[in-house]
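Listed below, chain by chain, are the residues.
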Amino acid sequence: LLSFQSLVRIVQVQLLHSFFGDLSRGMQSSLGDAVQLQIRISEIKTITQEAKVTTDGWTTSLRSISDAFGLDILDVAEGAYEAISNQIVDATTAMGFLSEAANFARATVSTFGQSVNLLSSILNAFNINAIETERVAAVLFKTIELGRVRAEDMADTIGATARLAEQAGVSLEEFSASIAVSTI
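A. Broad picture of the nonpolar core. Core analysis: the largest hydrophobic core is formed by 49 residues, its most contacted members being L62, F97, L98, L118, I122 and F126. Excluding its chain neighbours within four sequence positions, the residues that come into contact with L98 are L62, I65, V76, G79, A80, F112 and V116.

Here's what the structure looks like:
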């Protein structure tokens, strides 16, 4: 038979085993995230070579947006890559755009990726400079507020329609108003 001390000892060993197992899994997960972040930053650096921004510079900038908005840093890095590869921003203007995208995501209860997609699609379609991202986000927010549409509904599909509207001479505000009215 087992004595009370033996039983306590078995429980202690099991607790220690569980603790070290959880610690090991947590460290492996953190290491995996760090590797993924480095891969994403390397991808960003590949398309922004002329900017001469260091890996530490990108990490610090992406971390500041991640921390300020409570976003996963891997999502922020992916958003930066998408915005740069969509030729919306360059290395010098990326952080301003990403901050506005994070604000827009928070205000519209959309994901960061959806916010980046929607804003970059509109900026591209209407040939609007990234400096005006705050204005574009305000117009899109008003569209969502007045219509029966969500940012996630528009994120992946609006680009082609917006480009056609721009080519027909329709302004962003008119285009957004037509979306709001047609979804009521």
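B. Structural context of the packing of aromatic side chains. On inspection of all chains with the given rule, the structure shows 2 aromatic pairs. Look at F19 and F20: their rings are 5.1 Å apart centre to centre, the planes differ by 70°, and that puts the pair in the edge-to-face class. A residue is classified by how much of its surface remains accessible, and F19, at 46% relative accessible area, is partly exposed.

C. How the structure looks around the packing of helix α5 (residues 112-125) against helix α6 (residues 133-146). Where α5 meets α6, the closest approach of the two axes is 10 Å, and the angle between their N-to-C directions is 110°. Regarding the angle of α5 to α6, the classification is roughly perpendicular. For the pair α5 and α6, contact is made by L118, L119, I122 and L123 and by T133, V136, A137 and L140, respectively. When grouped by side-chain class, the residues that make up the contact of α5 with α6 number 7 nonpolar, 1 polar and no charged.

D. Local environment of the environment of E100. Considering the arrangement of structural elements, one finds E100 in helix α4 (residues 94-108). If near-sequence neighbours (up to four positions away) are discounted, E100 is found in contact with L119, T133 and E134.

E. Quick look at a nonpolar patch on the surface. On the surface, L2, L7, I10, V11 and L15 cluster together into a nonpolar patch covering about 490 Å² of accessible area. By the element assignment, L7 lies in helix α1 (residues 4-47). Under the relative-accessibility criterion, L7 is labelled partly exposed at 45%.

F. Expanded view of the confidence of the model for the protein chain. Confidence in the prediction of the protein chain, expressed as mean pLDDT, is 90, and 99% of residues score 70 or more. Mean pLDDT across the secondary structure elements of the protein chain bottoms out at α1, with 87, and peaks at α6, with 96.

G. Spatial organisation of the side chain of T108. Among the structural elements, T108 can be located in helix α4. Overall, T108 belongs to the buried group, its relative accessible area being 13%. There is a polar contact of 2.7 Å between the side chain of T108 and the backbone oxygen of F104.

H. Region of the structure containing α5. Taking 1.5 Å of rise per residue, 14 residues should cover 20 Å, and α5 covers 20 Å from first to last C-alpha, within 8% of that figure. Of all 14 residues in α5, 10 are buried; the element is thus mostly enclosed. The set of residues buried in α5 consists of F112, S115, V116, L118, L119, S120, S121, I122, L123 and A125. Elements that come into contact with the buried residues of α5 comprise α3 (73-85), α4, α6, α7 (151-155), α8 (158-167) and α9 (172-182). Positioned one or two residues after α5, N127 has a phi angle of 50°, which is positive.

Calculation criteria
- Residues numbered from 1 in each chain as written.
- Predicted model: local features only at pLDDT ≥ 70, side-chain atom pairs only at ≥ 80, totals over all residues.
- Heavy atoms only, no water.
- Core = buried A, V, L, I, M, F, W, Y, C linked by side-chain atoms within 4.5 Å.
- Buried < 20%, exposed > 50% of the residue type's maximum accessible area, 1.4 Å probe, protein only.
- Contact = heavy atoms within 4.5 Å.
- Phe/Tyr/Trp six-rings, centres within 6.5 Å; stacked < 30°, edge-to-face > 60°.
- Axes fitted to C-alpha atoms, helices over the stretch in contact; angles between N-to-C directions.
- Helix = DSSP H or I, 4+ residues; strand = E, 2+ residues; numbered from the N terminus.
- Parallel < 35°, antiparallel > 145°, perpendicular 65-115°, else oblique.
- Nonpolar A, V, L, I, M, F, W, Y, C, P; charged D, E, K, R; others polar.
- Patch = residues over 30% accessible without salt bridge, like charges linked within 9 Å, V, L, I, M, F, W, Y side chains within 5 Å.
- Areas by Shrake-Rupley, 256 points an atom, 1.4 Å probe, with all protein chains shown as cover.
- Salt bridge = Lys/Arg side-chain N within 4 Å of Asp/Glu carboxyl O.
- pLDDT = per-residue confidence, 0-100.
- Polar contact = N/O pair within 3.5 Å; in protein donor to acceptor, adjacent residues only side chain to side chain.
- Expected span 1.5 Å × (residues − 1).

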